[in-house]
Amino acid sequence: MAINKELIKDDLYEAVNGAWIKDAKIPDDKPATGGFNDLVDEIDKQMMADFEDYADGKKTSDDPRFNEMIKLYRVAKKFDLRKKVGPVPLQRLLASVTALDSYADYQKQWKNWVLMGMPSPVSFDIDADMKNATVYALFVSSPSLILPDKSYYEPAKKDQHDQLMKLWAAMVKELLLKLDYAEEQAAQLIKEAQAFDALLAPNVKSAEEAADYSKMYNPQTVAELAASTDQLDLAAVIKQLVGATPDKVIVMEPAYFKALDSILKDHFDLFKSWALINVVRDNASYLDDEMREINGRYSRALSGSKKPVSQQKFAYYLARDIFSQVAGDYYGKTYFGPQAKADVHHMVEQMIAVYKQRLTNNTWLSKATRDKAVLKLDKLGIQVGYPDKIPSLYDHLKVDELESLIANLNQLSIVASKEMFSRWNKPVDRMRWEMSAATVNAYYHPFKNIIVFPAAILQAPFYSLKQTSSQNYGGIGAVIAHEISHAFDNNGALFDEHGNLNNWWTPEDSAHFKELAQKMIDEFDGLPIAGQKVNGKLTVSENIADGGGLSCALEAAKEEDDFNAQEFFINWATIWRMKATQQYEQLLLSIDVHAPQKLRANVQAQNQADFYTAFDIQPGDQMYKAPEDRVNIW
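As a convention, each chain's residues are numbered from 1 in the sequence order in which they are written. Whole-chain, interface and lining totals are the exception, using all residues; otherwise, since this is a predicted model, local features are given only for residues with pLDDT of at least 70 and side-chain atom pairs are given and counted only at 80 or more. Note: side-chain values were computed over all heavy atoms of the structure, leaving out hydrogens and water.

### Quick notes on helix α3 (residues 64–76)
Then, in step 1: Numbering of helices and strands starts at the N terminus; helices are DSSP runs of H or I of at least 4 residues and strands are runs of E of at least 2. Expected span, for any helix, means 1.5 Å times one less than how many residues it has. In this model α3 runs 19 Å from its N-terminal to its C-terminal C-alpha over 13 residues, within 8% of the 18 Å that 1.5 Å per residue would give.
Then, in step 2: All of the buried residues in α3 are F66, E68, M69, I70, L72, Y73, V75 and A76.
Then, in step 3: Should any heavy atoms of two residues lie within 4.5 Å, those residues are considered in contact. For α3, the secondary structure elements touched by its buried residues are α2 (35–55), α4 (79–85), α16 (311–322), α17 (324–335) and α20 (405–422).
Then, in step 4: Polar contact is defined as a pair of N or O atoms within 3.5 Å, subject to the rule that within protein one atom must be able to donate a hydrogen and the other to accept it, and that residues adjacent in sequence are counted only when both atoms are side-chain atoms. Residue D63 occupies the N-cap position of α3, its side-chain oxygen lying 2.9 Å from the main-chain nitrogen of R65. We call a residue buried when its accessible area falls under 20% of the maximum for its residue type, exposed when it is over 50%, and partly exposed in between, using a 1.4 Å probe and counting protein chains only.

So, in structure tokens, the structure goes:
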């Protein structure tokens, strides 16, 4: 596609992607289409066709874990059978909620409810201890709200709050009526569930607050945590879940636990209605197709998607997500292979070498901090393509094709939850993947100091042997360096080479870094898009990583004999192309730690001096930004 390079002077993103955006069609079952989304669609088609062949017996596998995944796919596809059976499997679950008369009754069931993924006023998780990253610790936090984020409950968003609550209530009412609840009873349940949600909302963290990892680590003894409420025995359920009383529990939301007693006290009826409706919402899609369509209305309204996904795609997503590492292993070995894995691993090592050189030559860090930063890079774990081994959990996930989908999912949840809690106080498996290889994404884990690049992202426009080196560096090179940069963003910089929350900066360097981070916040904060504005604090860590990634990839690209700055920046803009519904764009502005795609492409390019020379951008051009206003940290 020909690009008018003169238009780049006014808007890089629009010049590169404008013609594509004009013609692109958003699939009815998606809120967006574009670079990442297109790859997802292709992989979905590929994998669904394979799942279908295995389910029909056209292909066979000698991997028992893979065969259990295909069994779940077959069970999930039995929509006609579920229509005949009706709501009985869900009504069995609801009976256990209806039978509750007090918190004492709930306490007896609490452990089992947590293992099954049923509603709980406390969310439990196992992850590396942030101060001793070699051992798994227990983390606690709040449950989810009805609306996407705490900010939706603030006066400034009252109209949006009321509109979304109305949509949610209408959907839930229809679900309850289909489950044979009387109209008055349904209305009462909805009213009480919303009242309990309103008690939660002021005390939980917003997406912006949760994005600050420094506020996440608040260790308490079990006794201190248990003192949060007299209504439930937290100490007892923790001992049941992990088999012992931990020395400490990491409290991610201390304000929530300070309020927990007042949230629960004298509000059992509200809690019970909230729990019942959550059970309905969590399971209604596993009944017949009509219930699945109704149960998705609220989320589709949030995102702007027009239709639910097809029955086949629903079954595929369900099986793929529960057997995520099995699906990823299959995808990686079938469509990626060991040679590509080795090639990209080498590219990652190249980018780390470039980053190390940049750190060594850094002019604003002291030698002490610089040396620690280089040490952190030396210890950085690299995972590319697909994992070398699949966790033993997947040997224990068994599917019974004669049981209902809900019964199977509950049993699978129990097995997975037990395995998670069994990791408490055990050594951390640093190389355990937390993302399927079939996922179009990448990540850095600060508690483990590792970067992960699944096979699915390692294709055009990010990476291809058919692209020039400059295009590849503007694509996957920038993504690789982005993930490396997360080790040194405002969150990653808090963790040392072992993944421990540990200040390794001199006070002067730390203060200077905070000044630079504030410049990045200010650069994005308030930028208008989709009828709203960007939150610079919410997106700062990803913006720092984008800036460092682009700058580092650019330096690496310039080492190549065939370097072409225009190709580099054009492919950088290409990978961020997206056409989305306005509802989805506005939702992302509230909850996503990434800046909008267009701004990721344009603003970070504006921060690079080479961008100006590549396209002869001068003062007066809309893409021009004065040198003193350009933000460069890494």
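So, next bit.
### A short note on the packing of α2 against α3
Helix-helix packing: each pair is described by the crossing angle between the helix axes and the interaxial distance.
Then, in step 1: Taken N-terminus to C-terminus, the directions of α2 and α3 make an angle of 95°; their axes are 10 Å apart at the nearest point. Considering their axes alone, α2 and α3 lie roughly perpendicular with respect to each other. Contacts between α2 and α3 involve M48, F51, E52, Y54 and A55 on the former and, on the latter, F66, M69, I70, Y73 and R74.
Then, in step 2: Each residue receives one of three labels: charged for Asp, Glu, Lys and Arg, nonpolar for Ala, Val, Leu, Ile, Met, Phe, Trp, Tyr, Cys and Pro, and polar for the others, Gly being one of them. Each residue belonging to the contact of α2 with α3 can be placed in one class, and the counts come to eight nonpolar, no polar and two charged. Every angle, taken between N-to-C directions, lies between 0 and 180 degrees, and every axis is a line fitted to C-alpha atoms, over only the stretch in contact when it is a helix. Geometric relationships in this document are graded by angle, where less than 35 degrees denotes roughly parallel, more than 145 denotes roughly antiparallel, 65 to 115 denotes roughly perpendicular, and other angles denote oblique.

### Some words on the packing of aromatic side chains
Then, in step 1: Here the aromatic set is Phe, Tyr and Trp, taking the six-membered ring for Trp, and pairing holds for ring centres within 6.5 Å; pairs whose planes are under 30 degrees apart are stacked, those over 60 apart are edge-to-face, and all others are tilted. A full pass over the atoms with the stated rule returns 41 aromatic pairs.
Then, in step 2: Taking the centre distance of 6.4 Å and the plane angle of 15° together, the rings of W364 and F513 count as stacked. Of the two residues, W364 sits in the loop between α18 (337–360) and α19 (367–378) while F513 sits in helix α22 (residues 507–524), which places them 149 residues apart along the sequence. F513 carries the same exposure label as W364, and that label is buried.
Then, in step 3: Ring geometry for W364 against W634: centres 5.3 Å apart, planes inclined by 35°, an arrangement best described as tilted.

### Re the sheet that holds strand β6 (residues 381–385)
Then, in step 1: Taken in spatial order, the three strands line up as β6-β8-β7 in an open sheet, and their pairing is mixed. Of all the strands in the sheet, the pair left with one neighbour each is β6 and β7 (443–445). Between one strand and the next, the sheet's axes are offset by a mean angle of 15°, whatever the strand orientation.
Then, in step 2: A pair of strands is considered paired only if DSSP assigns at least 2 bridges between the two. Taken together, the three bridges between β7 and strand β8 (residues 450–454) define a ladder with antiparallel strand orientation. Opposite H445, over in β8, you have I450 as the bridge partner.
Then, in step 3: Each of β6 and β8 touches α18; the most contacted strand, β6, lies at about 145° to it.

### Describing the nonpolar core
Then, in step 1: The definition of a nonpolar core used throughout is a set of buried Ala, Val, Leu, Ile, Met, Phe, Trp, Tyr and Cys residues joined through side-chain atoms within 4.5 Å. Ranked by internal contacts, the top residues of the largest apolar core, which has 226 residues, are F124, W168, F421, F611 and W634.
Then, in step 2: It is helix α13 (residues 268–283) that contributes the most residues to this core, nine residues altogether.
Then, in step 3: Ignoring any residue separated from it by four or fewer positions in sequence, one finds F421 in contact with V114, L115, F124, I126, L138, L241 and V242.

### Looking at the sheet that holds strand β2 (residues 123–129)
Then, in step 1: Read from one edge of the open sheet, four strands run β2-β3-β5-β4, paired in mixed fashion. For this open sheet the edge positions go to β2 and β4 (219–220), each flanked by a neighbour on one side alone.
Then, in step 2: The pairing of β2 with strand β3 (residues 132–141) spans seven bridges and is antiparallel. Residue D125 lies in a different strand from β3, and its bridge partner there is F139.
Then, in step 3: Docked against the sheet, helix α11 (residues 234–242) engages β2, β3 and β5 (249–251), running at close to 60° with respect to β2.

### Quick notes on the packing of helix α8 (residues 183–200) against α13
Then, in step 1: Packing of α8 against α13 brings their axes to within 7 Å, and their N-to-C directions diverge by 105°. Between α8 and α13, the interaxial angle falls into the category roughly perpendicular. Mapping the contact onto sequence places L189, I190, E192, A193, A195, F196, L199 and L200 in α8 and D269, L270, F271, S273, W274, L276 and I277 in α13.
Then, in step 2: Looking at the contact of α8 with α13, its residues break down into twelve nonpolar, one polar and two charged.

### Thoughts on the pairing of β8
Then, in step 1: β8 sits mainly inside the fold: five of its five residues count as buried.
Then, in step 2: Side-chain alternation along β8 places I450, V452 and P454 on one buried face and I451 and F453 on a second face that is also buried.
Then, in step 3: Note: β6 against β8, five bridges, orientation parallel. Within the sheet, the bridge partner assigned to Q383 lies in β8 and is V452.
Then, in step 4: In textbook terms, the turn of a hairpin is the stretch between consecutive antiparallel strands, and for β7 and β8 this stretch comprises four residues, one of which, N449, has a positive phi near 50°.

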